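The chain contents come next:
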Amino acid sequence: MKGLIPSVDGQGPGTFQVYHDIIHRLQMQHPHAFRQIIFAGHSGGGQFVQRFAVLNQIDEQLRSQGTDVRYLVANPSSYLYTSPVRPVLQKDGSFALAKPDLASVNCPDWNQYKYGLQQIPGSDIADSDDISKRYLSRQVTYLLGELDTDPQHPLLDKHCAAELQGAYRLARGLGYSAFLQQLAQQTRMVGAYSSGHRLIVIPRTGHDQKKMFSARCVAAILQDRPATENCTADETPAAQNGD
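**Regarding the overall build of the protein chain**
Scanning the protein chain from terminus to terminus reveals nine helices and six strands. Taken across its 243 residues, the protein chain has 46% of its residues classed as buried. Partitioning the contacts of the protein chain with sequence separation of at least 6, the portion at a separation of at least 24 is 73%.

**Looking at the layout of surface pockets**
Here the idea is plain: a probe the size of a water molecule rolls over the atoms and shows the empty space left. Computed from the structure, the largest pocket encloses a volume of approximately 170 Å³. Residue composition of the lining of the largest pocket, by class: three nonpolar, six polar and no charged.

**Brief notes about the pattern of salt bridges**
Inspection of the entire model under this criterion finds nine salt bridges. Here Asp59 and Arg63 are joined by a salt bridge, their closest N and O atoms 2.5 Å apart. Of this pair, Asp59 and Arg63 both sit in helix 3 (residues 59–64), four residues apart, which is roughly one turn of the helix. Taking the relative accessible area as the measure of exposure, Asp59 reaches 0% and is therefore buried. Judged by its relative accessible area of 30%, Arg63 falls in the partly exposed class. Shared partners join several salt bridges into a network, and the residues in it are Asp59, Glu60, Arg63 and Arg138.

**Examining the side chain of His20**
With respect to the secondary-structure elements, His20 resides in helix 1 (residues 15–29). If we skip the residues at most four places from it in the chain, His20 touches Phe52, Asn56, Gln57 and Ile58.

**Here we look at the nonpolar core**
A general feature of soluble globular proteins is that nonpolar side chains tend to end up buried together. Residues Phe39, Tyr71, Tyr135, Tyr142, Tyr176, Phe179 and Leu180 are the most contacted members of the largest nonpolar core, which totals 34 residues. Counting only elements with at least two residues in this core, the list comes to helix 1, strand 1 (36–42), helix 2 (44–55), strand 2 (68–74), helix 4 (128–136), strand 5 (139–145) and helix 6 (169–186). Residue contributions to this core peak at six residues, all from helix 6. Those residues in contact with Phe39, other than ones at most four positions away along the chain, are Tyr19, Ile23, Val49, Phe52, Val69, Arg70, Tyr71 and Leu72. Core analysis: the second largest hydrophobic core is formed by 11 residues, Ala74, Leu143, Ile200 and Cys217 among them.

**Description of the sheet that holds strand 6 (residues 197–202)**
Spatially, the four strands line up as an open sheet ordered 1-2-5-6, and their pairing is parallel. Each edge of the open sheet carries a strand with a single partner, namely strand 1 and strand 6. Geometrically, the sheet is characterised by an average inter-axis angle of 15 degrees between neighbouring strands, direction not taken into account. Pairing geometry for strand 2 and strand 5, over five bridges, is parallel. Of the residues in strand 5, the one forming a bridge with Ala74 is Leu143. Here helix 2 sits on the sheet in contact with strand 1, strand 2 and strand 5, set at roughly 135 degrees to strand 1. Along the sheet, helix 6 contacts strand 5 and strand 6; its crossing angle with strand 5, the most-contacted strand, is approximately 150 degrees.

Calculation rules
Residues numbered from 1 in each chain as written. Predicted model: local features only at pLDDT ≥ 70, side-chain atom pairs only at ≥ 80, totals over all residues. Heavy atoms only, no water. Helix = DSSP H or I, 4+ residues; strand = E, 2+ residues; numbered from the N terminus. Buried < 20%, exposed > 50% of the residue type's maximum accessible area, 1.4 Å probe, protein only. Contact = heavy atoms within 4.5 Å. 1 Å grid on protein atoms, 1.4 Å probe; cavity = no way out; pocket = protein on both sides within 12 Å on 5 of 7 lines; lining within 4 Å. Points joined across faces, edges and corners; volume = space filled by probe spheres on them. Nonpolar A, V, L, I, M, F, W, Y, C, P; charged D, E, K, R; others polar. Salt bridge = Lys/Arg side-chain N within 4 Å of Asp/Glu carboxyl O. Core = buried A, V, L, I, M, F, W, Y, C linked by side-chain atoms within 4.5 Å. Pairing = 2+ DSSP bridges. Axes fitted to C-alpha atoms, helices over the stretch in contact; angles between N-to-C directions.

Shown next, in the form of structure tokens:
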């Protein structure tokens, strides 16, 4: 998967390869200096970190060398699915997972990258099950703003493939969490999912990077301190949706 996600002009190294090279260079210059590496991003940055968490090929190598690798994915517009199903919100607030009805939805590229594993530039992916199991074994925290619920937010991805994941960011994140739980059961990695992946909804907070990352429960994760699964309202600065 060398060179995955090529440069804009198609000539330079891929985005993921640049990150691989930076980390490799730092390791060469400072061997055994990195006890922990956290990849964190909000909104568009969250989209990149989530795709990087799924597809990078350095996570297991770093962990084998004693480096704790974690990913913080905050309020992305969409997610990379490793299976051709999408969440459907039910009347009781739960999610059912099913392949979209393409007869009623005009979205032929719904499962292509960056939304699914089809046609990933520079990719040699052969087995989505292996990708899923590897992803579930990694340490990923998903941060969602409770008030990030505007379906018309100017920065929200409105591509039909993104719309199939939900109407707004909070719904898309909750739906993706339901997908991961089902995936963990199907791959018999429930223990790995429950320990490695977790979802935190930040109360009274919209699409605001500063307030998302300044919540105390998130700071605990960044500082490698124990954190509860959910922030409580008194731990989180108030924010308005769409900030």
